[in-house]
Every structure is written in structure tokens, then in C-alpha cells.
Amino acid sequence: MKKLNILLLSALTAVSGSALAMGGSIEQGKNFTNLNLEMGKSSSGLYAESNWLKNTDDGTQTGGVGAGYNFEVGPVMLNAGAKAIYIGPKKGDNGVAFPVGGGVNVALTDSINVFGEGYVAPDGLNNSVKNYVEANGGVSWTPVKPVTLKVGYRHVSVDGKDGRPNHTLIDGAYVGGGVSF
């Protein structure tokens, strides 16, 4: 079994061995800012990403790193992954969460994509809240490579535990842009 696992991991790594695009983006909502760095997220195979998200009204923030695998099926890119996230909601339940989830990116044309993703960390995958949920969806447009512009909606919330309240960290529409190389 161990040899089979090594063989499967080697095969996935070899398939992912194509050039990994790197990129960065910024999103600005009415009450939040999100900075994101990624490697390999736009091609089939392994990817890695990191982000920092801050609520500009109350100082709530999250930051983390993640990794996963992309599967390309025609104009559709599916991904599955996991993250390690620091949660700093200023409600007494600072801690870490390890959400799992995935997403989809559908190329409508060569330059316009529709995307969505969601991650969740139930009680056993975090240390400070009962449940962590994040979701993001929208439309992106690449007028000229390497620039991508996007609009979307982002939501991040937690269910409190040990008498702490449930609360929304981020919830709202955003505009953003990024570059990849």
C-alpha cells in the first residue's frame, strides 16, 4: 500500500510538472480588503496559495496558506484543497482553523470566467470556534495577459463556542485585480 501511495503521489506531481504560473491579486469591498498570492492555481495539477483578509471596519482579520489539486475538464477547472487559517475576529475566539473545500472555474470565453469556491472547518478542524465557513464567487475578465479584473461576493463567518456569539467576519461584494506571470 505504501508503494501505491508513493506511486500515486509521484504521478500527480509529474502531471503537475508543467510550468506553474504565479500571481497576486487584491480585492476591495466596502468593508474589507483581501490580498492573495498563488502558484499553479490557473493550470491543472498541484497549486499553493496564501491570503490575508481584513475587515476595515472593526479590524477583524484572517490569514492563511493552502494547497490543493486542480482538475481540468474542457473549459471547466475543478479544484479540491485544504487550508491552514489564523482567525482574529476580535470576539475572544482567536485561533486556527483547517478548512477543506474546493471550487469551480468555468471559461465562458477566452477572457471571461465565472468562478466559485467554498471551504468549511467543522468543530474538529479548528481550536477556537464551532464552525468556520468561507465562500467566494464572481466573474473575472482578462483584457490583456497578464492582467485580470474581477467582481464578486465574499463571505466568511464563524459559529462561536463556549458561550461566544456566532458572527460574520466578512460579507459583501468586491472589485479586484491581479497579475500572473
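Residues numbered from 1 in each chain as written. Predicted model: local features only at pLDDT ≥ 70, side-chain atom pairs only at ≥ 80, totals over all residues. Heavy atoms only, no water.

A. Region of the structure containing the overall build of the chain. Helix and strand counts for the chain stand at one helix and eleven strands. Reading the chain from its N terminus to its C terminus gives the helix and strand order α-β-β-β-β-β-β-β-β-β-β-β. Here the chain holds 181 residues, and 38% of them are scored as buried. Pairs at least 24 residues apart make up 44% of the contacts formed inside the chain by residues separated by at least 6 positions. Of the accessible surface of the chain, which amounts to about 9,600 Å², a share of 66% is contributed by carbon and sulfur atoms. (Helix = DSSP H or I, 4+ residues; strand = E, 2+ residues; numbered from the N terminus. Buried < 20%, exposed > 50% of the residue type's maximum accessible area, 1.4 Å probe, protein only. Contact = heavy atoms within 4.5 Å. Areas by Shrake-Rupley, 256 points an atom, 1.4 Å probe, with all protein chains shown as cover.)

B. Geometry of the packing of aromatic side chains. One pass over the full model with this rule turns up two aromatic pairs. Relative to Tyr174, the ring of Phe32 has its centre 6.3 Å away and its plane inclined at 75°; by these criteria the two rings are edge-to-face. Highlighted residues: Phe32 in strand 2 (residues 32-39) and Tyr174 in strand 11 (residues 167-180), separated in sequence by 142 residues. Both residues of the pair, Phe32 and Tyr174, count as buried. The ring of Tyr119 has Lys83 lying over it, and the distance from NZ or CZ to the ring centre is 4.3 Å. (Phe/Tyr/Trp six-rings, centres within 6.5 Å; stacked < 30°, edge-to-face > 60°. Lys NZ or Arg CZ within 6 Å of the ring centre and 35° of its normal.)

C. Local environment of empty space enclosed by the protein. Applying the stated criterion to the full structure yields one cavity of 30 Å³ or more. A volume near 40 Å³ is recorded for the largest cavity. Listed by contribution, the elements that provide at least two residues to the lining of the largest cavity are strand 3 (45-55), strand 5 (76-88), strand 9 (131-144) and strand 10 (147-159). For the lining of the largest cavity, a count of residues per class yields four nonpolar, two polar and three charged. (1 Å grid on protein atoms, 1.4 Å probe; cavity = no way out; pocket = protein on both sides within 12 Å on 5 of 7 lines; lining within 4 Å. Points joined across faces, edges and corners; volume = space filled by probe spheres on them. Nonpolar A, V, L, I, M, F, W, Y, C, P; charged D, E, K, R; others polar.)

D. Local environment of the pairing of strand 9. Sheet topology note: the strand 8 (residues 112-121)/strand 9 ladder contains ten bridges and is antiparallel. Residue pairing across strands places Phe115 opposite Gly138, the latter belonging to strand 9. In the sheet, strand 9 pairs with strand 10 via twelve bridges, with the strands oriented antiparallel. Bridge pairing in strand 10 links Trp141 to Leu149. If you look at the hairpin formed by strand 9 and strand 10, you'll find two residues sitting between the two strands. (Pairing = 2+ DSSP bridges.)

E. How the structure looks around the pattern of salt bridges. Inspection of every chain in the model, using the stated rule, returns five salt bridges. Between Glu49 and Lys41 there is a salt bridge, with the nearest N and O atoms lying 3.2 Å from each other. Exposure class is identical for Glu49 and Lys41. Each is buried. In this structure, Glu117 and Lys41 form a salt bridge, with 3.7 Å as the shortest nitrogen-oxygen distance. Taken as a pair, Glu117 in strand 8 and Lys41 in the loop between strand 2 and strand 3 lie far apart in primary sequence, 76 residues in all. Each member of the salt-bridge network shares a partner with another, and the members are Glu27, Lys150 and Arg154. (Salt bridge = Lys/Arg side-chain N within 4 Å of Asp/Glu carboxyl O.)

F. Geometry of the nonpolar core. One finds Ile87, Tyr132, Val156, Leu169 and Ile170 to be the most contacted residues of the largest nonpolar core, which totals 14 residues. Mapped by element, the contributors of at least two residues to this core are strand 5, strand 8, strand 10 and strand 11. The element that contributes the greatest number of residues to this core is strand 11, accounting for three residues. Discounting chain neighbours no more than four positions away, the residues touching Leu169 are Asn55, Thr60, Thr62, Ile87, Pro89, Val156, Ser157 and Val158. (Core = buried A, V, L, I, M, F, W, Y, C linked by side-chain atoms within 4.5 Å.)

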